[in-house]
Amino acid sequence: KVAQRLKDIPESQRVRVYMANPDLTTYGSGKYTGLMMQHAGAMNVAAASIKGYKQVSIEQVLAWNPQVIFVQDRYPDEINKIRHDPAWQGIDAVKNQRVYLMPEYAKAWGYPMPEALAIGELWMAKKLYPARFNDIDINKAANDYYQRFYRTSWVPASHASVE
């Protein structure tokens, strides 16, 4: 579903994305996080210079100037730091209010959960290219997945905002 809708976007025109973690750590290449971003149509700004997981400087993030910043669901306080800290205000993602807290089903660290592959990449693609996925109700997709495979409803964490 995702690949079909993004197949005509050249690598050079993909959305520049940064995966934020506490203390300015991020994921470069060699992790599922990078694959998730790639599958969702993103260009991971850290992939060219970082292998694995590493701490960077705010100056490096400013130089990368990501268009979108994703924050993993286990770090909800980090999103407010990024949105309000003066050091981050020059970054396109912050200026354009494109800093998103990822839902639990889009777990992008360690070993991916099955739902990260099935609906997490779809959630990310919808955030990156909303016009191409405007017909997708991501909450319905998540609930349908959870009903089918886990026989339970998907309920977002209290701090998560997925739409």
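This text follows the structure it describes.
These figures come from a predicted structure and were not determined experimentally.

K.L.:
What should I look at first to understand the pairing of strand β5 (residues 68–71) in this one?
P.N.:
Strand residues, when the strand is regular, have side chains that alternate between the two faces of the sheet. Residues V68 and F70 point to one face of β5 and I69 and V71 to the other, with burial holding for every one of them. Of the strand pairs in this sheet, strand β1 (residues 15–20) and β5 are connected by four bridges, and their pairing is parallel. Opposite Y18, over in β5, you have I69 as the bridge partner. Here β5 pairs with strand β6 (residues 99–101) via three bridges, running parallel. Bridging from a neighbouring strand, F70 pairs with Y100 of β6.

K.L.:
What should I look at first to understand the packing of aromatic side chains in this one?
P.N.:
Two numbers describe a pair of aromatic rings. These are the distance of the centres and the angle of the planes. In the structure shown here, the tally under the stated rule is 10 aromatic pairs. Here the aromatic rings of Y18 and W64 are separated by 6.1 Å at their centres, their planes lie at 40°, and the arrangement is tilted. Note that Y18 is positioned in strand β1 and W64 in helix α3 (residues 58–64), a separation of 46 residues in sequence. On the basis of an interplanar angle of 40° and a centroid distance of 4.7 Å, the ring pair of Y145 and F149 is categorised as tilted. Taken together, the residues Y145 and F149, both in helix α7 (residues 138–150) and four residues apart, mark about one turn of the helix. Here the aromatic residues Y145, Y146, F149 and Y150 are joined through ring pairs into a cluster of three or more.

K.L.:
Sorry if this is basic, but what is going on with helix α2 (residues 32–39) here?
P.N.:
In an α-helix, one turn spans 3.6 residues; hence positions three or four apart end up facing the same way. Within α2, burial applies to Y32, T33, G34, M36 and M37. Those residues of α2 hidden inside the fold are in contact with β1, β2 (25–27), β3 (42–44) and α6 (114–128). Where α2 terminates, the next one or two residues include G41, which has phi positive at roughly 90°.

K.L.:
Would you mind showing me how to read the packing of α6 against α7 here?
P.N.:
Relative placement of two packed helices is described by the angle separating their axes and the distance separating the axes. For the pair α6 and α7, the least separation of the axes is 10 Å and the interaxial angle reads 175°. Here α6 is positioned roughly antiparallel relative to α7, judged by the angle of their axes. Residues P114, E115, A118, I119, L122, W123 and K126 of α6 pack against I138, A141, A142, Y145, Y146 and Y150 of α7. For the contact of α6 with α7, the residue count by class is 11 nonpolar, no polar and two charged.

K.L.:
It is not clear to me how the nonpolar core should be interpreted in this structure. Could you clarify?
P.N.:
Side chains of a nonpolar character, in soluble globular proteins, are inclined to be buried together. Among the nonpolar cores identified, the biggest contains 35 residues, and F70, M102, Y105, W123, M124 and L128 are the most heavily contacted of them. Breaking this core down by element, the ones donating at least two residues are α1 (2–6), β1, α2, β5, α6 and α7. Per-element tally for this core: the top contributor is α6, with seven residues. Dropping the residues within four chain positions of it, M102 is found in contact with M19, M36, F70, V71, Q72, D73, A108, W123 and M124.

K.L.:
Got a minute to help me understand the pattern of salt bridges in this structure?
P.N.:
It is possible for side chains bearing opposite charge to pair when their charged atoms get close. Under the defined criterion, the tally for this structure stands at seven salt bridges. Close ionic contact of D135 with R5 constitutes a salt bridge, the shortest N to O distance being 2.6 Å. Placement of the pair is D135 in the loop between α6 and α7 and R5 in helix α1, with a sequence separation of 130 residues. Relative accessible area serves as the criterion here: at 24%, R5 is assigned to the partly exposed category.

K.L.:
Would you take a moment to explain helix α4 (residues 76–84) for this structure?
P.N.:
Taken as a whole, α4 has its buried residues at E78, I79 and I82. One side of α4 carries all its buried residues, which in axial view fall inside an arc of 105°. Among the exposed residues of α4, those pointing more than 90 degrees away from its buried face are D77 and H84. Structurally, α4 contributes buried residues whose contacts are with β1, β5, α5 (92–95) and β6.

About the cut-offs
- Residues numbered from 1 in each chain as written.
- Predicted model: local features only at pLDDT ≥ 70, side-chain atom pairs only at ≥ 80, totals over all residues.
- Heavy atoms only, no water.
- Buried < 20%, exposed > 50% of the residue type's maximum accessible area, 1.4 Å probe, protein only.
- Helix = DSSP H or I, 4+ residues; strand = E, 2+ residues; numbered from the N terminus.
- Pairing = 2+ DSSP bridges.
- Phe/Tyr/Trp six-rings, centres within 6.5 Å; stacked < 30°, edge-to-face > 60°.
- Contact = heavy atoms within 4.5 Å.
- Axes fitted to C-alpha atoms, helices over the stretch in contact; angles between N-to-C directions.
- Parallel < 35°, antiparallel > 145°, perpendicular 65-115°, else oblique.
- Nonpolar A, V, L, I, M, F, W, Y, C, P; charged D, E, K, R; others polar.
- Core = buried A, V, L, I, M, F, W, Y, C linked by side-chain atoms within 4.5 Å.
- Salt bridge = Lys/Arg side-chain N within 4 Å of Asp/Glu carboxyl O.
- Arc of directions from axis to C-beta.

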